[in-house]
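Structure assessment
Read off the chains here:
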Amino acid sequence: MSSTTLQAAPSSAAPAPRASRAITPARLLPWLLLAPSLAALGVVTGWPLVRMVWLSFQQYERAQLMGVPAEFVGLRNYTETLTDARFWTVTARSFALMVVCVVLTITLGTLIALLLMKLGRAMRLVLSVGLLLAWAMPPLAAMLVWGWMFDTQYGVVNHALTALTGESWMGHPWLIEPLQFFAVATLVIVWGAIPFVAFTLYAGFTQIPHEVVEAAQIDGASAPKRFFRIQVPYVRAIYTVLIVLSMIWDLKVFTQIFVLQGIGGVRSETSTLGVYIYEMGMAQGHYGAASAIAVVFTVIMLAISAYYVRATIKEEEL
């Protein structure tokens, strides 16, 4: 081997030069386009978040709203929150409600998505319109309708049960007993969340190659086996997104619980985290303590969101 070849070999194996990290117009353009949105997000979300964290370290009551200087108390609000038995009771109640709602929402949403695939065009359109109407209804308006349906004296539910069972259900209070209260709340929350889950899963199921399902059917695979071994793996990423989003939405539910409490629920036995923060802040005027609870709640939500982001990135890398 000649000396020329020996000298050329190292140069051919030399690493490629790194890409230049100089700031160029092409690199700046995406940030310039994002700047208005980032500024708006910082004003709408960033500043209230910073203000909330700052208040959580202060003794901030109604007197401070009138101009009295707030006292800096450090971690006292967090210590009182984390040692308060009611906080943990409300947190456990919120998580229990979240688990039940997520399981029912995903299960019923899956069944409706599969039903949409089996129906003809006309019936699919009718069912889709019904789901869209339920989804488009504002939560407060929906709660007024549901509250009337479960009304103690004039509710449709009591009339229907009286007619079906032959026993008098008139005057039955659905919202006084906590278990029945949360049964009604679960019904309302799941009713409002099913359309999004059903439409999303339906869109995912329709992207599965029909030939794969047909081949499994020819091989003798039953409907449950085709669903769990073919359809679910194809839409696993969609299920991950829906489950995590449903956990976040159901954990921070406020309107449904608050309105049902106003109709007839016992607040001390039915409050969830969102309502509890409102009670501590707006109702009782303990803004510092409410801010500390909200910060803890935000950390929980960020932990769930971090899992969602990590799962999404992992799916994209596959």
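Whatever comes next refers back to the structure up there.
Let me sum up the structure you'll find in this document. What you see is a predicted model, and the numbers here were worked out from it, not measured in a lab. (Residues numbered from 1 in each chain as written. Predicted model: local features only at pLDDT ≥ 70, side-chain atom pairs only at ≥ 80, totals over all residues. Heavy atoms only, no water.)

Description of the overall build of the chain
- The helix and strand inventory of the chain stands at 16 helices and two strands.
- At 27 Å, the chain has a C-alpha radius of gyration far larger than the 20 Å of a compact globule built from 318 residues.
- For the chain, the residues scored as buried account for 34% of the 318 residues in total.
- Summed over its atoms, the accessible surface of the chain is roughly 19,400 Å², and 70% of this surface lies on carbon and sulfur atoms.
- A distance of 10 Å separates the average location of the 19 positive side-chain charges in the chain from that of its 16 negative side-chain charges. (Helix = DSSP H or I, 4+ residues; strand = E, 2+ residues; numbered from the N terminus. Rg over C-alpha atoms; globule rule 2.2 N^0.38 Å. Buried < 20%, exposed > 50% of the residue type's maximum accessible area, 1.4 Å probe, protein only. Areas by Shrake-Rupley, 256 points an atom, 1.4 Å probe, with all protein chains shown as cover. Lys, Arg positive; Asp, Glu negative; His and termini not counted. Charge placed at Lys NZ, Arg CZ, Asp CG, Glu CD.)

A short note on the side chain of R226
- Structurally, R226 is set in helix 11 (residues 223–234).
- With residues near it in sequence (within four places) discarded, R226 still touches V213, A216, Q217, A221 and Q231. (Contact = heavy atoms within 4.5 Å.)

Overview of the nonpolar core
- L201, F205 and Y239 are the most contacted members of the largest nonpolar core, which totals 37 residues.
- Of all elements in the fold, only helix 5 (85–118), helix 9 (178–205), helix 10 (210–218), helix 11, helix 12 (236–251), helix 15 (273–283) and helix 16 (287–317) reach the threshold of two or more residues within this core.
- Of the residues forming this core, the biggest block, 10 residues, is contributed by helix 16.
- Once you skip the residues sitting within four places of it in the chain, L201 turns out to touch G109, T110, A113, I238, Y239 and L242. (Core = buried A, V, L, I, M, F, W, Y, C linked by side-chain atoms within 4.5 Å.)

With respect to a nonpolar patch on the surface
- Side chains of W31, L34, L38 and L41 sit close together on the surface and give an oily, nonpolar patch of about 440 Å² of accessible area.
- Its place among the elements puts L38 in helix 2 (residues 25–55).
- Look at L38 and you get partly exposed, because its relative accessible area is 45%. (Patch = residues over 30% accessible without salt bridge, like charges linked within 9 Å, V, L, I, M, F, W, Y side chains within 5 Å. Salt bridge = Lys/Arg side-chain N within 4 Å of Asp/Glu carboxyl O.)

As for the pattern of salt bridges
- Scanning the entire structure with this criterion turns up two salt bridges.
- In this structure, R76 engages E80 in a salt bridge whose closest nitrogen and oxygen atoms are separated by 3.9 Å. Of this pair, R76 and E80 both sit in helix 4 (residues 76–82), separated by four residues, roughly a single helical turn.
- R76 sits in the partly exposed class, given a relative accessible area of 35%.
- Overall, the relative accessible area of 45% leaves E80 in the partly exposed class.
- The shortest N-O distance in the salt bridge between R86 and E279 comes to 3.2 Å. In this pair, R86 sits in helix 5 while E279 sits in helix 15, placing the two residues 193 residues apart along the sequence.
- For R86, a relative accessible area of 29% corresponds to the partly exposed category.

Quick look at the packing of helix 13 (residues 255–263) against helix 15
- As a packed pair, helix 13 and helix 15 sit with axes 8 Å apart at the nearest point and diverge in direction by 65°. In terms of orientation, helix 13 lies roughly perpendicular with respect to helix 15. The two elements helix 13 and helix 15 cross, and the hand of that crossing is right-handed. Facing I257, F258 and Q261 of helix 13, the residues of helix 15 in contact are V275, Y278 and E279. (Axes fitted to C-alpha atoms, helices over the stretch in contact; angles between N-to-C directions. Parallel < 35°, antiparallel > 145°, perpendicular 65-115°, else oblique. Left-handed = near helix turned anticlockwise from the far one by under 90°.)

Remarks on the environment of Y60
- For Y60, the position within the fold is in the loop between strand 1 (58–59) and helix 3 (62–65).
- When the C-alpha positions of Y60 and V73 are compared, they lie 9.7 Å apart, and in sequence the two are 13 residues distant.
- Every residue in contact with Y60, bar those within four places of it in the chain, is listed here: R51, L55, L65, A70, G285, H286, Y287 and G288.

Remarks on the packing of helix 7 (residues 139–149) against helix 9
- Relative orientation of the contacting elements helix 7 and helix 9 amounts to 140°, with a least axis distance of 11 Å. Comparing their axes, helix 9 and helix 7 come out oblique. For the crossing formed where helix 7 meets helix 9, the hand is right-handed. For the pair formed by helix 7 and helix 9, the contact residues are A142, M143 and W146 on the first element and L187, V188 and W191 on the second.

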